[in-house]
Amino acid sequence: MRSTRATRAVLALWEARADALLSEADVEAALHAQGVQVNRVTVYRLLDRLAAAGVLRRSVDAARVARYGRPLQGAACEGDAAA
């Protein structure tokens, strides 16, 4: 995975709030607030790549919104586990 400005900014979101569960919209808004100009498709692809690599976990809530967070310690990560 390339170390782009967007990748570093996304990972920094969880450095500041390790327990955060963020949707794509949350991540996109946080990046724009930091001055990182990135489009929605890029954010989706980046989050999916980080989840596939095991860096983030992806869960889908009752409203069918995907949220991303740090992997749980001692638990197996599932791609689309219900939250």
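This text goes with the structure placed above it.
Our subject in this report is the structure included herewith. (Residues numbered from 1 in each chain as written. Predicted model: local features only at pLDDT ≥ 70, side-chain atom pairs only at ≥ 80, totals over all residues. Heavy atoms only, no water.)

1. Regarding unusual backbone geometry
Although it is not a glycine, Arg-64 adopts a positive phi angle of roughly 65°. Among the structural elements, Arg-64 can be located in the loop between β2 (57–60) and β3 (66–69). Here Arg-64 falls in the exposed class, since its relative accessible area comes to 76%. (Helix = DSSP H or I, 4+ residues; strand = E, 2+ residues; numbered from the N terminus. Buried < 20%, exposed > 50% of the residue type's maximum accessible area, 1.4 Å probe, protein only.)

2. Regarding the pairing of β3
In this sheet, β3 lies alongside strand β1 (residues 22–23) in antiparallel orientation, the contact comprising two bridges. Residue pairing in the sheet places Leu-22 in a bridge with Tyr-68 of β3. Examined bridge by bridge, β2 and β3 share four bridges and lie antiparallel to one another. Its bridge partner being in β3, Arg-58 is matched across the sheet by Tyr-68. (Pairing = 2+ DSSP bridges.)

3. Structural notes on helix α1 (residues 5–16)
For α1, with twelve residues, the first-to-last C-alpha span of 17 Å sits near the 16 Å given by 1.5 Å per residue. Buried residues of α1: Ala-6, Thr-7, Ala-9, Val-10, Leu-13 and Trp-14, and no others. For α1, the secondary structure elements touched by its buried residues are β1, α2 (24–33), α3 (40–52) and β3. (Expected span 1.5 Å × (residues − 1). Contact = heavy atoms within 4.5 Å.)

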